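Secondary and tertiary structure notes
Here are the chains, one letter per residue:
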Amino acid sequence: MAHLNSNTEFVVKPVPSGGGPSEFRQSMMPHPLVYQELPHDPHFGIYNRRLRSLEYGNVRTEDLYWRLRRQVGLAHTGEVATEIRGPEAEAMLNRVLTRDVSRVPVGRCSYQLACFGDGGMIMDGVLLRFAPDRFWYAQGDGEFRVWLRAHSEGFDVEVFDANVWISQVQGPRSMDVLAHASDEGMPERFRYFDLAQIRIGGQPVVISRTGFTNELGWEFYFGSDADAAVIGERIMNAGESHGIHTIPATATNARRIEAGLLFSGADFDDSVTPFAAGLGAFVDLEKADFIGMEALARADKSRLTWGLQCEVSVPRRGDTLFLNGEPAGRICSSAWSPYLQCGVAIARLKDPKLGPGVKLRVECIDGQTREGELCELPMYDRAGEIPRGKRIDIPDIPGKE
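Here's what I pulled together on the structure shown here. Here the structure is a predicted model, which means the values were calculated and not measured. Numbering of residues begins from 1 in every chain and follows the order in which that chain's sequence is written. Restriction of local features to residues with pLDDT of at least 70 applies here, the model being predicted, together with a cutoff of 80 or more for giving and counting side-chain atom pairs; totals for whole chains, interfaces and linings are based on all residues. Only hydrogens and water are set aside when side-chain values are computed; all heavy atoms of the structure are taken into account.

Among the seven residues in strand β3 (residues 50–56), five count as buried, and that is most of the element. With two bridges connecting them, strand β1 (residues 29–30) and β3 associate as parallel partners. Looking at β3, one finds that methionine 29 is bridged to arginine 50. If DSSP finds at least two bridges between two strands, the strands pair. To qualify as a helix, a DSSP run of H or I must reach at least 4 residues; to qualify as a strand, a run of E must reach at least 2; elements of each kind are numbered from the N terminus. In terms of strand pairing, strand β2 (residues 42–47) meets β3 through six bridges, oriented antiparallel. Bridge pairing in β3 links histidine 43 to glutamate 55. Hairpin connection, β2 to β3: the antiparallel pair is bridged by two residues, and asparagine 48 has positive phi, about 55°. Throughout this description, buried means an accessible area under 20% of the type-specific maximum (1.4 Å probe, protein chains only), exposed means over 50%, and partly exposed covers the range between.

Below, the structure written as structure tokens:
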């Protein structure tokens, strides 16, 4: 596989439905490994003030979806990480996160939420624990680092940009890629939600058994002390025999919707509690006091967020759900599922009595109003066996022998 070098020049193309070139500012930088995507005519969006490829102009999104599900995909994300370090790092994080940080051992990760005082969600992300007094918080889109710094006052702790870039290798062959790319092979212990510090081509890299696809996979983090091109080349070479391909956001979108992985700013905002978002299991009301705890203890615990499936077409995002002619809720995210062969969506409802099995009318992107049915999340692999490596069957492509 031919690769462009890291000095290749390129033109940023906004997605046609986006806001236009004026949105792209000098401070918005592409991922150091973006040159791997350039042969595929990437179109970019803005995520955490970074450029993130959204789709490719000359590769079908459905083909990339199947590459992810059947082989392996490499996604260069716009996620950012904040470092929290100091004698009172654990205490400070326990004050701002909804789960007990003291239960996260060194060398492990934890999915963590943060809420405002009224219980509304501000951010979700993955907490990585390197030492008793050192953590990273890898987050989605938003100015969360400023919020963390504001709430660090009074604690003996530093809060600052970890200055790393984040990518993820996902799919059934992802561990084969890691075994060949890592200088020492597979880490001796690398369970689901473990982290490790390794070298790839002699370069320092942090890896975690996490991802945003619910496929088997791992994420890797590297900073300015590493040669990005060496890391990128080593991973692509290790994955070549396994069919590795770079993956933009639209190719992972259907998979994360199928899996019920919520997208900050789209599937929830500060008006939504973790309970309404279906994330109540990640709120520990028995732990020490945290921001929003009192409000969440009093809050309605009803779930309002479910999956929705629609034959023929893709539900249109917005207030497009109706029951008996009356507004019933909002489509937060949607996509076509090549595996399920239907439109899939994350739906947030007005009535907590509505749930899986209920049929609603939904406006679709083809201009038609069709029937959609609420469903559980995730839509399949309810036990989460795929990302844990316990289910290794490769899905068939519908319609192909």
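This part covers the sheet that holds strand β7 (residues 121–131). If you walk across this open sheet you meet the five strands as β6-β7-β8-β5-β9, and the pairing is antiparallel. In the strand order of this sheet, the two ends are held by β6 (109–115) and β9 (158–161), each with one partner. On average, each strand axis in the sheet is tilted by 30° relative to the strand beside it, whichever way the strands run. Strands in contact with helix α2 (residues 89–96) are β5 (80–85), β6, β7, β8 (134–139) and β9; relative to β5, the strand with the most contacts, it is inclined by about 125°. Angles run from 0 to 180 degrees between N-to-C directions of axes, and those axes are lines fitted to C-alpha atoms, restricted for helices to the stretch in contact. Only heavy atoms matter for contacts: two residues are in contact if any of them lie within 4.5 Å across the pair.

Okay, unusual backbone geometry next. Of the consecutive residues leucine 377 and proline 378, the connecting peptide bond is found in the cis state with omega at -5°. Secondary-structure assignment places proline 378 in the segment after β20 (369–375). Even without being a glycine, valine 312 presents a positive backbone phi close to 80°. Locating valine 312 in the fold gives a position in the loop between β15 (305–310) and β16 (318–323).

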